[in-house]
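Letter by letter, the chains look like this.
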Amino acid sequence: MPALAKVLRQCRNWKRRHLLGIKDLSRDEIERILALSLELKRLPAEAIRKEAPLRGRRVFNFFVEPSTRTKTSFGIAARQLGAEVVDFSPSASSLTKGESLKDTARTIESMGVDFAIIRHTASGAPHFLARYMEGAVLNAGDGTNEHPTQALLDLLTIRESVGRVTGLRVALVGDIAHSRVARSNIWLHEKLGNEIVLCGPPTLVPDHFPGRVSWDLEEILPDCDVVMMLRLQSERQRAGLFPSTGEYAHLFGLSQERAGRMKKGAIVMHPGPMNRGVEIAAEAADSPRAVILNQVANGVFVRMAALLLLREALR
Amino acid sequence: MSLVVRRGRIFDPARGVDEVGDLHIEDGKIVSKAGAEEVIDAKGLLVVPGLIDMHVHLREPGGEEKETIASGVAAAVAGGFTSVAAMANNLHPTDTASQVIHIRARAAGAGLANVYPIGAVSKGLRGEELAEMGRMAEAGAVAFSDDGFPVTDSALMRHALEYAKMLRRAVIAHCEDLSLTAGAVMNEGAVSNRLGLRGAPGAAEAAPAARDILLAEMTGGRLHLAHVSARQTVDFLRAAKERGIAVTAEATPHHLTLTEDSLVEYEARFKMAPPLRRREDVEAVVAALADGTIDAVASDHAPHAAHEEERELAACPNGVVGLETTLGVVLGLVEEGKVSLARAVEALTAAPARILGIPKGTLAAGSDADVTLIDLKAKWVVDPDRFRSKGRSSPFAGRTLRGRAVHTIVGGKICF
């Protein structure tokens, strides 16, 4: 039996129609996605391309909010599996002519879409889309709500670099309030029973999440297995959430010196794109502890796994 | 260098101490026993922890014609104050660490009262973006305030309270709704009406105060209300404290004693923000000080150059001086039986120390030797021409006050 066919048998009995958020996933589903991603990574790329398990399927990239890396990653994943990828670019779309999201959904549905991959500025847009689609909806990032495939590729990276996904202390540092990456990761680690530490100024770290809040980066660093730095956006300064990137970097930036306080085997992550010199120093980003490029590479495999599993549930 | 303050009435509300005895000072600290080189005879004098004025405007850098740090700290020790907290609204606002460092260095150079800089909440006091509170705190800022101006944007005030919470410091609120106080030179009411002057109502202070109290409750941040003047503000403050909200407050000597009637001759020395109000407001503020609802007395010492005050009322700037009269005025309230001596001294020592988080306000052994010797019986007439402050605009000019500081010791050094 060809190696891929054996791997594809792991997809059987997947029931979930859409990938809208980590919030919805059971621990079992998370582990299945992770296991499948690892298997796909082990197979030679040529073997997968030759089998083309998604041949004849149409994948619609519906990126209302711009993206380069996620869109490219999903595109590579889909084409790797043999699917046809149609790109929906907002400036040329009827959305700008005032067509509602609902009508756009129905329009592309009538064109025969198996998978709609949506990134939107509004939290909940994928959930809305799913109501009008027969095909599968994958959330590539909705507002400040979730970015499930990011959290899953982060988990795959942790699995490879730390060697396990449970019994971990995971720190997220930065603008947690506005980060869909942070939210997806928090729900993920909560489901896995990991210890969560959220670090940043009180203006950027809300009270209502699981785990504990710290305002002292240096104090938490020595005990963490995973330190995930989040990007600081300049509009938050204009909104009065922090005074300056200089002060932010001084208090919460991962300098080389601070990274040196981390324990042996602990890793530094960042969803990208990085603001070098703000939330992370160049030396810390380029150090052996940093697994940022691994995260990017792993994105393709996690997205391939998601597409293959959701295919099982297609009507 | 050692010093003994002999036979004074040692009065330290922080420790509940009120007893006649000797106070020993060595190398700038209060000790249980010292080989006394120098002796101060404190017989008949009240010996209290060095007084702290947590709300003064020293004007430097930028406003040196009104006051300098040197003249300000000279005025402070003359008034019995060993420490002051300096507000940020200079011409060059204290909104970065370098200004905090500069002010501390200038104060150290003057070698009199301690100066604790207060950092701005917003850059340039513009009320738009947060100032670098973290770095200012590291440089020695003890609290944050845009005083002189309110923080009008509620989201910014909210964020300031949250951010300051991380730094374990209070945000000091100047509560004023500018749309209600526009053009006002005094309190709004029967008096302003009769005088033909534009007034601002108590609600212009109380409504923003209520907002700030709600934001403090929501964020868990520490709020301090500056210069409380209106009965309505006192009501909200009392309710907030009953709820356990982390809010403290101060009142000025003039809001504890003077009413809007003072403005009858249109004199600039009665013009300040918030304005002098009604008898009902004064009584509410005094009662609140007496029961601790208002924690501290602070002068809001706001000097201006003489030529600025020699104008028609509407053209005069807001603000009066207070470092050299505050103690006398507060002791007057004690003499009238309106506030206990313990509460009055606490309001000028332990309470401001606690609010600012500074290790002062007590005469416990090991503390810095900041001590004020007070003659409770001394009668004196307030003569602004003899002030050490450059500012001369005093609402108490010509009044006879009873009680004044006769010696002020800072870090074991006799500064006055």
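Fair warning: this is a prediction, and the values are worked out from it, not measured in the lab. (Residues numbered from 1 in each chain as written. Chains lettered and ligands numbered in written order. Predicted model: local features only at pLDDT ≥ 70, side-chain atom pairs only at ≥ 80, totals over all residues. Heavy atoms only, no water.)

Draft legend 1. The overall build of chain B, seen in detail. Of regular secondary structure, chain B possesses 14 helices and 18 strands. Radius of gyration (C-alpha) of chain B: 20 Å, near the 22 Å computed for a compact globule of 416 residues. For chain B, the C-alpha atoms occupy an extent of roughly 60 × 45 × 45 Å along the three principal directions. The buried share among the 416 residues of chain B stands at 63%. For chain B, contacts bridging at least 24 residues in sequence account for 75% of all contacts bridging at least 6. (Helix = DSSP H or I, 4+ residues; strand = E, 2+ residues; numbered from the N terminus. Rg over C-alpha atoms; globule rule 2.2 N^0.38 Å. Buried < 20%, exposed > 50% of the residue type's maximum accessible area, 1.4 Å probe, protein only. Contact = heavy atoms within 4.5 Å.)

Draft legend 2. Just the interface of chain A and chain B, in detail. Of the residues lining the interface, 17 residues belong to chain A; the matching set on chain B comes to 17 residues. For the chain A face of the interface with chain B, the top three residues by lost area are Trp215, Pro243 and Glu247 of chain A, together amounting to 34%. Where chain A meets chain B, there are 0 salt bridges. Where chain A packs against chain B, one counts 8 residue pairs in polar contact (both at pLDDT 80 or more). (Buried area = accessible area lost by both parts, 1.4 Å probe. Salt bridge = Lys/Arg side-chain N within 4 Å of Asp/Glu carboxyl O. Polar contact = N/O pair within 3.5 Å; in protein donor to acceptor, adjacent residues only side chain to side chain.)

Draft legend 3. Quick look at the pairing of strand E14 (residues 247-251) of chain B. Residue and element names in this part refer to chain B. Across the 5 residues that make up E14, a large majority, 5, are buried. Alternating positions in E14 separate into two faces, Val247, Ala249 and Ala251 on one and Thr248 and Glu250 on the other, with burial throughout. Where strand E13 (residues 223-225) and E14 come together, 3 bridges link them in parallel fashion. What sits directly across from His224, in E14, is Thr248. In this region the chain leaves E13, passes through helix H8 (residues 231-242) and returns to the parallel neighbour E14; the handedness of that crossover is right-handed. Relative to strand E15 (residues 296-297), E14 runs parallel, the two sharing 2 bridges. Its bridge partner being in E15, Glu250 is matched across the sheet by Ala296. (Pairing = 2+ DSSP bridges. Right-handed = clockwise from strand over helix to strand, strands pointing away.)

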